[in-house]
Amino acid sequence: MTQDKGPRDDRWYFKLMSPNTKGPKFAWLDPTSIYINQRAFQDLLADLLADLDGVEFDVVGGLDAMGFVLGAALAARRDVGFLPIRKVGKLCVDTDKVSFTNYSGRTQDMEMRLPAFAPGTRVLLVDQWIETGGTMEGAIDLVTRQKGVVAGLVAIAMEDTPRASVLRDTHTVVTAIQPATKWQEECNEQTLSSFASYDARDAFPI
Ligand SMILES: O=P(O)(O)OC[C@H]1O[C@H](OP(=O)(O)OP(=O)(O)O)[C@H](O)[C@@H]1O
């Protein structure tokens, strides 16, 4: 873990996130570079876990695909199980399915095994990023349809879009990028000032 991670609203590892270099068919940034560097990944997990102190949950539900990385790491740290919520057509067991529309405007289906847990099970939902909130809304539906309790939502960041803001108002939400900060404003603008000096080598494993 880093000795000095920087202020809580300006963590050093935020600037490792990569800009989109492939155009509008892709997401505007790639936070996965944080996972490459062990200090950055450990610091990210420590920050999220600190903010999850006092949030009780029985299992982590991770959203396909990058929510698997963050969710499984948090589950292992908190000594609970991990429930993958998958894009459609992958699971070879009985499933429940929802349709959702994400930032790309495309409608997709997402599945969770059926049954996945007993009624009343507290599920922490984890995804890498929340933009429109459509993907997370679909996961919430899957959990509540099996009578699970959504214990909280976790992401590196959640943009202040209309539906995502509703999620923040109605759920316990933990994000690495803190609301009402410079970084949050830049996420809302979908351009980070750190992109100007971005160097992929800064995220290399040491
Ligand atoms: O809030 P929304 O507008 O629904 O968008 C957020 C979703 O989009 C990204 O994943 P993506 O679908 O790009 O897939 P990936 O996790 O496989 O990269 C992100 O990790 C969320 O899952």
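These notes cover the structure that comes with them. What you see is a predicted model, and the numbers here were worked out from it, not measured in a lab. (Residues numbered from 1 in each chain as written. Predicted model: local features only at pLDDT ≥ 70, side-chain atom pairs only at ≥ 80, totals over all residues. Heavy atoms only, no water.)

A few words now on the layout of surface pockets. Size it by volume and the largest pocket reaches roughly 600 Å³. Together, 30 residues line the largest pocket, and Ala-27, Asn-102, Tyr-103, Gln-128 and Trp-129 are the ones closest to its centre. Sort the elements by how many residues they give to the lining of the largest pocket and helix 4 (residues 134-145) lands first, with three residues. Split by residue class, the lining of the largest pocket holds 13 nonpolar, ten polar and seven charged. Taken as a whole, the second largest pocket encloses approximately 180 Å³ of empty space. Taken together, Ser-18, Pro-19, Asn-20, Thr-21, Lys-22, Phe-26, Ala-27, Leu-29, Asp-30 and Tyr-198 make up the lining of the second largest pocket. (1 Å grid on protein atoms, 1.4 Å probe; cavity = no way out; pocket = protein on both sides within 12 Å on 5 of 7 lines; lining within 4 Å. Points joined across faces, edges and corners; volume = space filled by probe spheres on them. Helix = DSSP H or I, 4+ residues; strand = E, 2+ residues; numbered from the N terminus. Nonpolar A, V, L, I, M, F, W, Y, C, P; charged D, E, K, R; others polar.)

Moving on to unusual backbone geometry. Omega for the bond connecting Asp-64 with Ala-65 falls within 30 degrees of zero, at 0°, which places this linkage in the cis form. On the secondary structure map, Ala-65 appears in the loop between strand 3 (59-63) and helix 3 (66-78). In this structure, the amide linkage connecting Leu-114 to the following residue, Pro-115, adopts the cis form with an omega of -5°. By the element assignment, Pro-115 lies in the loop between strand 6 (107-113) and strand 7 (122-126). Not every positive phi belongs to a glycine, and Ala-180 is a case in point at roughly 60°. Inspection of the secondary structure puts Ala-180 in the loop between strand 11 (173-175) and helix 6 (182-189). Among the residues examined, Ala-180 registers a relative accessible area of 78% and is labelled exposed. The residue Gln-190 is not glycine, and still its phi comes out positive at about 60°. Its location among the elements puts Gln-190 in the segment after helix 6. (Buried < 20%, exposed > 50% of the residue type's maximum accessible area, 1.4 Å probe, protein only.)

Moving on, we get to the sheet that holds strand 5 (residues 95-101). The strand order 5-6-4-3-7-9-11 describes an open sheet built from seven strands, whose pairing is mixed. Unpaired on one side and paired on the other, strand 5 and strand 11 mark the two borders of the sheet. Averaged over all pairs of adjacent strands, the angle between strand axes in this sheet comes to 25°, irrespective of strand direction. When strand 7 meets strand 9 (residues 149-155), the two strands line up parallel, connected through five bridges. Residue pairing across strands places Leu-124 opposite Gly-152, the latter belonging to strand 9. Here helix 2 (residues 38-51) sits on the sheet and contacts strand 9 and strand 11; the angle it forms with strand 11, its principal contact strand, is near 155°. On top of the sheet, helix 4 reaches strand 3, strand 4 (81-87), strand 5, strand 6, strand 7 and strand 9; it is set at about 155° to strand 5, its chief contact. (Pairing = 2+ DSSP bridges. Axes fitted to C-alpha atoms, helices over the stretch in contact; angles between N-to-C directions. Contact = heavy atoms within 4.5 Å.)

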